[in-house]
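Commentary on secondary and tertiary structure
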Amino acid sequence: MSTNQQLFDRAKISIPGGVNSPVRAFRAVGGTPRFITRAQGAYMWDAEGTRYIDYIGSWGPMILGHGHPAVLDAVRKAIEEGFSFGAPTEREIELAEEILSLVPSCEQIRLVSSGTEAGMSAIRLARGATGRSKIIKFEGCYHGHADALLVKAGSGLATFGHPTSAGVPAEVVQHTLVLEYNNVEQIEEAFRTQGSEIACVMIEPIAGNMNFVRSSVPFVKRIRELCDQHGALFVFDEVMSGFRVALGSAQSLYAELIPGFRPDLSVFGKVIGGGMPLAAFGGPRRIMEQLAPLGPVYQAGTLSGNPVATACGLATLREIKKPGFFEALSARTAQLAHGLQAAAQAAGVPLVSECQGGMFGFFFASELPQNYNVVMATDKERFNRFFHGMLDRGVYLAPALYEAGFVSAAHTAEDIDATLAAARDVLAQL
Ligand code: KE4
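No experiment lies behind these values; they were computed from the predicted model shown.

Reading the values: the criteria
- Residues numbered from 1 in each chain as written.
- Predicted model: local features only at pLDDT ≥ 70, side-chain atom pairs only at ≥ 80, totals over all residues.
- Heavy atoms only, no water.
- Near = heavy atom within 4 Å.
- Areas by Shrake-Rupley, 256 points an atom, 1.4 Å probe, with all protein chains shown as cover.
- Domains from an automatic or database assignment.
- Buried < 20%, exposed > 50% of the residue type's maximum accessible area, 1.4 Å probe, protein only.
- Helix = DSSP H or I, 4+ residues; strand = E, 2+ residues; numbered from the N terminus.
- Arc of directions from axis to C-beta.
- Polar contact = N/O pair within 3.5 Å; in protein donor to acceptor, adjacent residues only side chain to side chain.
- Expected span 1.5 Å × (residues − 1).
- Phe/Tyr/Trp six-rings, centres within 6.5 Å; stacked < 30°, edge-to-face > 60°.
- Lys NZ or Arg CZ within 6 Å of the ring centre and 35° of its normal.
- Contact = heavy atoms within 4.5 Å.
- Pairing = 2+ DSSP bridges.
- Axes fitted to C-alpha atoms, helices over the stretch in contact; angles between N-to-C directions.

**Some remarks on the site of the ligand**
With respect to spatial proximity, 16 residues lie near the ligand, and among them S21, T116, N209, D237 and E403 are the closest. Here the ligand loses 84% of its free accessible area of 540 Å² to cover by the protein chains. When residues of the shell around the ligand are sorted by domain, at least three fall in each of domain 1 (4-67 + 323-429) and domain 2 (69-320).

What follows is the structure, given as structure tokens:
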């Protein structure tokens with residue numbers, strides 16, 4: 001049996017950084033990544049046989065917990081029928097209809113294989129539908145690794161973004177304006193000076209890539225008004241928040257607070273694939289019909305709507321829409337988030353936590369951050385010590401202070417109690 005370190009050393013020979021996605025390498029927190037051999041319910045086991053209570057949940061997809069029987073049955077049946085056809089299937093219609101039944105802002109949906117692909121396609125569709133090139137995103141929001149979205153704020157409002165990654169030519173991000181999250185003045189200024197050139201505003205409504213930061217109601221309301229006023233599209237990136245913070249996704253929460261609110265385009269992923277490679281983007285028919293093969297905006301994918309992935313996603317959605325599912329999940333998540341804050345308070349450690357549905361976050365700070373700069377100014381050193389203290393006690397949290405955490409329906413009150421007991425132990429040493 002290899003140790004995690006032995007596997008990591010071997011992985012680094014054949015795979016850049018030893019991982020297929022950077023955050024898995026633990027570079028933000030240090031230490032050796034755990035190589036997972038199997039998972040069941042709320043738990044994962046690593047190569048050394050250590051069991052962890054899992055609060056990553058594959059970064060959101062595993063909302064039912066690992067190995068839910070209904071999902072296993074659906075996937076087993078699907079693989080017997082065939083892995084991939086490159087031709088339409090009824091199950092793609094069923095999944096599309098299921099998603100549309102839960103998200104009234106969308107009349108049509110296009111299935112793809114990753115959140116990046118969905119976000120990239122939504123941007124292209126917004127540009128094609130409006131005939132405009134400029135897009136607005138917000139610092140701290142991550143929408144996948146498409147070139148136009150790997151950009152950080154320019155120096156000041158009018159200047160455009162600079163690439164955050166090598167290999168992205170400045171020309172590609174020259175149309176991407178990066179503003180401060182929750183900053184109404186900046187978005188008003190951007191539309192005042194460039195409103196007629198803006199194709200879309202893309203946002204994570206609850207930003208899980210800043211750990212857990214909510215976009216304020218006045219901010220969302222103002223963006224909606226400005227998009228309407230200037231003919232730009234409002235794109236909700238719900239890859240993480242979709243079917244995770246609420247059955248109707250984050251947009252259903254904002255629709256309760258802003259009468260009649262709807263985004264123009266929505267991007268989904270993670271939960272709708274149930275752990276298999278599946279994502280989607282959707283919106284009103286008049287916009288979606290701009291897509292090939294009907295319209296001029298090209299978009300395609302060999303494994304889009306894959307029969308095994310759609311079986312997994314469909315089984316997952318059918319479970320989470322059952323009565324009482326989100327009430328129970330929300331209560332379990334709140335037990336964790338509130339318990340963490342209470343434990344820190346008792347230990348005299350500044351910690352604030354937030355949660356919605358099955359998603360939570362916490363910061364070693366005295367107040368909940370409202371934007372990226374404040375998130376990145378929270379106590380990183382304390383976070384990293386807390387992360388490792390919890391990992392050593394069999395609790396697997398997100399290995400970076402800017403990442404969110406996820407609770408599944410498989411997490412029991414006892415799992416939360418055990419997590420909080422570990423937290424009290426670690427916090428006492430912080
Ligand atoms: P993927 O291409 O990784 O499937 O989705 C990109 C994406 C798009 N939009 C949002 C709001 C997202 O959170 C993501 C991906 N989230 C990260 C977690 N921070 C995935 C983890 C990883 O990169 O390995």
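Now that the structure has been shown, the text picks up again.
**Focus on helix 6 (residues 184-194)**
Side chains that are three or four residues apart share a direction in an α-helix, a result of its 3.6 residues per turn. For helix 6, every residue scored as buried is listed here: V184, I187, A190, F191 and Q194. The buried residues of helix 6 occupy one face: seen down the axis, they fall within an arc of 135°. In helix 6, the exposed positions that point more than 90 degrees away from the buried face belong to E185 and R192. The N-cap of helix 6, judged by a side-chain oxygen 3.1 Å from the amide nitrogen of E185 a few residues on, is N183.

**Observations regarding helix 4 (residues 115-130)**
With 16 residues, helix 4 ought to run about 22 Å at 1.5 Å a step, and its terminal C-alpha atoms sit 22 Å apart, in line with that. Buried within helix 4 we find G115, T116, E117, A118, G119, S121, A122, I123, L125 and A126.

**Observations regarding the packing of aromatic side chains**
Scanning the model with the defined rule gives 19 aromatic pairs in all. Between F362 and F364 the ring centres are 6.1 Å apart and the planes differ by 85°, which places this aromatic pair in the edge-to-face class. Relative accessible area serves as the criterion here: at 6%, F362 is assigned to the buried category. Of the aromatic side chains, those joined through ring pairs into one cluster are F26, Y52, F387 and Y396. K12 extends its terminal NZ or CZ atom over the ring of F8, reaching a point 4.2 Å from the ring centre. Between the NZ or CZ atom of R38 and the centre of the ring of W45, over which it lies, the distance is 3.8 Å.

**Overview of the side chain of N384**
Its location among the elements puts N384 in helix 13 (residues 380-392). The class for N384 is buried, based on a relative accessible area of 15%. If we skip the residues at most four places from it in the chain, N384 touches A28 and V29.

**Comments concerning the sheet that holds strand 4 (residues 108-112)**
Read from one edge to the other, the open sheet built from seven strands follows the order 4-14-13-12-9-5-8, with strand pairing classed as mixed. Only two strands of the sheet have a single neighbouring strand rather than two, namely strand 4 and strand 8 (176-179). Each strand of the sheet is rotated relative to its neighbour by a mean of 20°, with strand direction disregarded. Where strand 9 (residues 198-203) meets strand 12 (residues 233-238), four bridges bridge the pair, whose relative direction is parallel. Among the inter-strand pairings, C200 is bridged to a residue of strand 12, identified as L233. Contacts between helix 7 (residues 217-230) and the sheet are confined to strand 5 (134-138), strand 9 and strand 12, with strand 12 contributing the most and set at about 140° to the helix.

All we've got here are geometric facts, nothing functional implied.
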